[in-house]
Amino acid sequence: MIAEAKKQIIKETVPVLEAHGTEITTVFYKRMFEAHPELLDIFNKTNQKVGDQPKALAMTVLAAARHIEDIETIVPAVMGIAHKHRALEVLPEHYPIVGKYLLEAIQEVLGDAATPEIIDAWGEYYGKIADVFIGIEKEMYDTAAWDGFKPFIVKKKEQVTPDIVRFTVDSDEVDKTFTAGQYITVKVNPEGYGNTALRHYSICAIDKEDGIRFAVKREAVKGREGVVSNYMHDAIEEGDALFMSAPAGDFKVEEDHDRLLFIAGGVGATPVMSMAEDAVAKGKDVKYVYSCINEDHQPFKDQMAAIREKGADLKVKFSETEGFLNKEDFKGTEDRQIYICGSMGFMGTMMKELKEMGIDESRIHFEPFGPKMSLGA
Ligand code: HEM
């Protein structure tokens, strides 16, 4: 239990710390990586460079302070983060390191305003939050399909669009169990990168007889080229070994959701493809609306044709000639449970369209690709 006086200090200082959020996170990462360069083998250097990710960690600690009276209520919210941590092999011994540099950053940015009482209260509260994460992650480590990173052999590499490659990787050593919608995490050493790099890629098919299938989009946007995605496209070939940690992630169709509408844009088709295949195989009523630029950029045509044959109502819309998805595309689906995946921008537009149709938020489930899932970088 945190003493009342300390809780009060935390509540009072949250707005101040949030106002200095960017400075605190910048100082935090700089100091932590200076003292522990080995952590750059876990963190995504591209995200650090472009500044997408760095805010999330520290800002989540601050956001958790809103729940200081009932810390267990943060559990559902941290499940997705904990899945990611487990997939990256974040371990209990890493937590005090993050705590130390977070507190030092608060101290440095606030200067004299950071009294010993404030630092002490935040130190204790960080410890409580860390314990919640460590507890959840322990259970995830205990139940993961396999321990650590295991070698898989690339059996097949297929160019499914000009910028998306589908890999089929196999191993006899592990139990390839996963839930449709989950991702695997690869560990690679691209030449010139200077560190080991870990990336999450969504599993894009439920069939695993020949191995696990996942897709990688080449991130080629100027200024944020993805070293790892380019390496996966250019350097990894059939016959190569790839180290992967066990499937993770909590984006999945709830068992009692029987009438479904999947909405995906671009590479958002990856988790949705396996979710739609799974739902069709379970006899659920599936409607799937997919959007991409044009036919050349439509991935998984073989898999999409197969689910259509098995009864899924599939609609593919090409934005170049037919415009973006809108209410018209979702007419008559108001009673379905809706699962969406795409870029942050795509998700925002879809949410707006659905809300304008009067669809209750509780029926909308989503997984954004962006900082949350580094599918490209
Ligand atoms: C990602 C929170 C501790 C390593 C994240 C994300 C959040 C977060 C919100 C983003 C998740 C997403 O994008 O979906 C926290 C909190 C922590 C904590 C609140 C402490 C209580 C740690 C520790 C480590 C760590 C101890 C290891 C040293 C990472 C890494 C990522 C991540 C490597 C992925 C970021 C990237 O793209 O490089 N964390 N985290 N975290 N966290 Fe943590």
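Please refer to the structure placed before this passage.
Please read all numbers here as calculations on a predicted model, not as lab measurements.

What about the packing of helix H2 (residues 21-35) against helix H6 (residues 94-110)?
Here's step 1: Put simply, H2 and H6 touch, their axes get as near as 8 Å, and they point 130° apart. Put simply, H2 runs oblique to H6. Two packed elements cross with a definite hand, and for H2 against H6 that hand is right-handed. When H2 is examined against H6, the residues Glu23, Ile24, Val27, Phe28, Arg31, Met32 and Ala35 are found in contact with a partner set consisting of Ile97, Val98, Tyr101, Leu102, Glu104, Ala105, Ile106, Glu108 and Val109.
Here's step 2: Residue classes in the contact of H2 with H6 are distributed as 12 nonpolar, no polar and 4 charged.

Brief notes about the coordination of the iron atom of the ligand
Here's step 1: You will see that the iron atom of the ligand has only one donor from the protein, His85 (NE2), lying 2.1 Å away.
Here's step 2: Along the polypeptide, His85 turns up in helix H5 (residues 75-88).

Here we look at the nonpolar core
Here's step 1: In terms of nonpolar packing, the biggest core is built from 50 residues, with Ile10, Phe28, Met32, Trp122, Tyr125 and Ile129 touching the most fellow members.
Here's step 2: At the level of secondary structure, the elements contributing two or more residues to this core comprise helix H1 (4-19), H2, helix H4 (54-64), H5, H6 and helix H7 (116-143).
Here's step 3: Setting aside residues no more than four positions away along its own chain, Phe28 makes contact with Leu57, Val98, Tyr101, Leu102 and Ala105.

Quick word on the pattern of salt bridges
Here's step 1: Tallying each qualifying case throughout the model produces 29 salt bridges.
Here's step 2: Note that Lys157 and Glu237 form a salt bridge whose closest N and O atoms lie 3.5 Å from each other. Remark: Glu237 occurs in the loop between helix H8 (227-234) and strand S6 (241-248) and Lys157 occurs in strand S1 (residues 150-161); sequence separation between them is 80 residues.
Here's step 3: Relative accessible area serves as the criterion here: at 39%, Glu237 is assigned to the partly exposed category.

Considering the packing of H1 against H7
Here's step 1: The geometry of H1 relative to H7 is characterised by a closest axis approach of 9 Å and an angle of 100° between their N-to-C directions. With respect to H7, the element H1 is oriented roughly perpendicular. Only Glu117, Ile118, Asp120, Ala121, Trp122, Glu124 and Tyr125 of H7 make contact with H1, whose side of the interface consists of Lys6, Ile9, Ile10, Thr13, Val14 and Leu17.

Things to note about the packing of aromatic side chains
Here's step 1: If you walk through the whole model with that rule in mind, you get 13 aromatic pairs.
Here's step 2: With 5.9 Å between their ring centres and 15° between their planes, Tyr201 and Phe214 make a pair best called stacked. A residue pair is termed long-range when its members are at least 10 positions apart, and Tyr201 in strand S4 (residues 197-202) and Phe214 in strand S5 (residues 212-217) qualify at 13 residues.
Here's step 3: With 6.3 Å between their ring centres and 75° between their planes, Phe262 and Tyr288 make a pair best called edge-to-face. In this pair, Phe262 sits in strand S7 (residues 259-265) while Tyr288 sits in strand S8 (residues 285-292), placing the two residues 26 residues apart along the sequence. This pair shows no difference in class: Phe262 is buried, exactly as Tyr288 is.
Here's step 4: Among the aromatic residues, those joined into a cluster by ring pairs are Phe251, Phe262, Tyr288, Tyr290 and Tyr339.
Here's step 5: Its guanidinium or amino end placed over the ring of Phe178, Lys208 lies 5.4 Å from that ring's centre, counting from NZ or CZ.

Cut-off values and rules
Residues numbered from 1 in each chain as written. Predicted model: local features only at pLDDT ≥ 70, side-chain atom pairs only at ≥ 80, totals over all residues. Heavy atoms only, no water. Axes fitted to C-alpha atoms, helices over the stretch in contact; angles between N-to-C directions. Helix = DSSP H or I, 4+ residues; strand = E, 2+ residues; numbered from the N terminus. Parallel < 35°, antiparallel > 145°, perpendicular 65-115°, else oblique. Left-handed = near helix turned anticlockwise from the far one by under 90°. Contact = heavy atoms within 4.5 Å. Nonpolar A, V, L, I, M, F, W, Y, C, P; charged D, E, K, R; others polar. Donors = N, O, S within 2.8 Å, 3.2 Å for Na, K, Ca; no water. Core = buried A, V, L, I, M, F, W, Y, C linked by side-chain atoms within 4.5 Å. Buried < 20%, exposed > 50% of the residue type's maximum accessible area, 1.4 Å probe, protein only. Salt bridge = Lys/Arg side-chain N within 4 Å of Asp/Glu carboxyl O. Phe/Tyr/Trp six-rings, centres within 6.5 Å; stacked < 30°, edge-to-face > 60°. Lys NZ or Arg CZ within 6 Å of the ring centre and 35° of its normal.

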